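Commentary on secondary and tertiary structure
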Amino acid sequence: MVILFLADGFEEAEALVPLDLLRRAGADVKTVSIADEKTVTGSHGIPVVCDLAGRELITEGLEMIVLPGGMPGTKNLMRSPLVARYLETAAGRGLYIAAICAAPSVLGKLGLLRGKRATCFPGFEEELSGAVFTGAPVEWDGRFITAKGMGVALEFGLTLVEALKGSDEAARIKAAIQCR
């Protein structure tokens with residue numbers, strides 16, 4: 001199972017593009033509100049009804065956690081004990097952890113990126129404690145996948161598909177959606 005955490009103020013494209021691609025690949029993805037309510041509103045006013053509220057979440061079958069960026073979504077993720085607990089569990093189990101835009105700063109604050117190549121939205125580099133900042137559009141180092149921002153949401157999503165389902169499946173989806 002893939003957990004895609006959503007907090008009020010998330011960047012819609014950074015969440016929904018990877019969600020779409022992962023589901024096309026057959027991944028079991030659950031959108032999870034960090035609040036008690038299932039409806040979360042993105043940074044551009046688009047409401048999304050999540051599959052689960054945080055209190056309903058379990059770790060059984062967990063393969064990956066994905067964090068979209070956006071403001072104040074990233075700050076809300078950063079303040080969430082639920083998100084911190086699940087990220088630490090995933091890191092301890094050696095599972096995939098992915099974040100885009102400002103959200104890699106959440107991983108940095110938890111010390112999860114130490115010694116890892118990582119990227120983020122410009123201006124958040126200092127928040128990636130101990131990481132080797134590359135500035136690449138998408139960076140994949142071991143079990144950590146980070147990306148710069150909404151403009152690379154498609155590439156980020158395809159990288160997540162590749163991590164979970166392999167390069168052949170990522171190439172199949174890339175061709176199916178007419179991506180160059």
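Attention here is on the structure that accompanies the text. Bear in mind the structure is a predicted one, so any value in this text is a computation, not a measurement.

**Concerning the sheet that holds strand 6 (residues 64-67)**
Ordered by their spatial adjacency, seven strands build an open sheet running 5-2-1-6-7-11-10, and the pairing between neighbours is mixed. Edge positions in the sheet fall to strand 5 (52-53) and strand 10 (138-141), since each has one partner strand and no second.

**A short note on the environment of Thr134**
Among the structural elements, Thr134 can be located in the loop between strand 9 (132-133) and strand 10. Sequence-wise, Thr134 and Cys120 are 14 residues apart; in three dimensions their C-alpha atoms are separated by 8.9 Å. Among all residues touching Thr134, those that are not within four sequence positions of it are Arg117, Ala118, Thr119 and Glu139. A distance of 2.7 Å separates polar atoms of two side chains, one belonging to Thr134 and the other to Glu139.

**Notes on the packing of helix 1 (residues 12-24) against helix 5 (residues 153-165)**
Between helix 1 and helix 5, the least distance of the axes is 8 Å, while the angle of their chain directions is 40 degrees. The pairing of helix 1 with helix 5 is recorded here as oblique in orientation. You can see that helix 1 and helix 5 cross each other, and the crossing is right-handed. On helix 5, the residues that touch Ala13, Glu14, Val17, Pro18, Leu21 and Leu22 of helix 1 are Ala153, Leu154, Phe156, Gly157, Leu158, Leu160, Val161 and Leu164. Within the contact of helix 1 with helix 5, the residues separate by chemical class into twelve nonpolar, one polar and one charged.

**As for the packing of helix 5 against helix 6 (residues 167-176)**
Two numbers describe how helix 5 lies on helix 6: the axes approach to 7 Å, and their chain directions differ by 145 degrees. Classified by chirality, the crossing of helix 6 by helix 5 is right-handed. Residue-level contacts link Leu158, Val161, Glu162 and Lys165 of helix 5 to Ser167, Glu169, Ala170, Ile173 and Lys174 of helix 6. Residues belonging to the contact of helix 5 with helix 6 are distributed by class as follows: four nonpolar, one polar and four charged.

What counts, and at which threshold
Residues numbered from 1 in each chain as written. Predicted model: local features only at pLDDT ≥ 70, side-chain atom pairs only at ≥ 80, totals over all residues. Heavy atoms only, no water. Pairing = 2+ DSSP bridges. Helix = DSSP H or I, 4+ residues; strand = E, 2+ residues; numbered from the N terminus. Contact = heavy atoms within 4.5 Å. Polar contact = N/O pair within 3.5 Å; in protein donor to acceptor, adjacent residues only side chain to side chain. Axes fitted to C-alpha atoms, helices over the stretch in contact; angles between N-to-C directions. Parallel < 35°, antiparallel > 145°, perpendicular 65-115°, else oblique. Left-handed = near helix turned anticlockwise from the far one by under 90°. Nonpolar A, V, L, I, M, F, W, Y, C, P; charged D, E, K, R; others polar.

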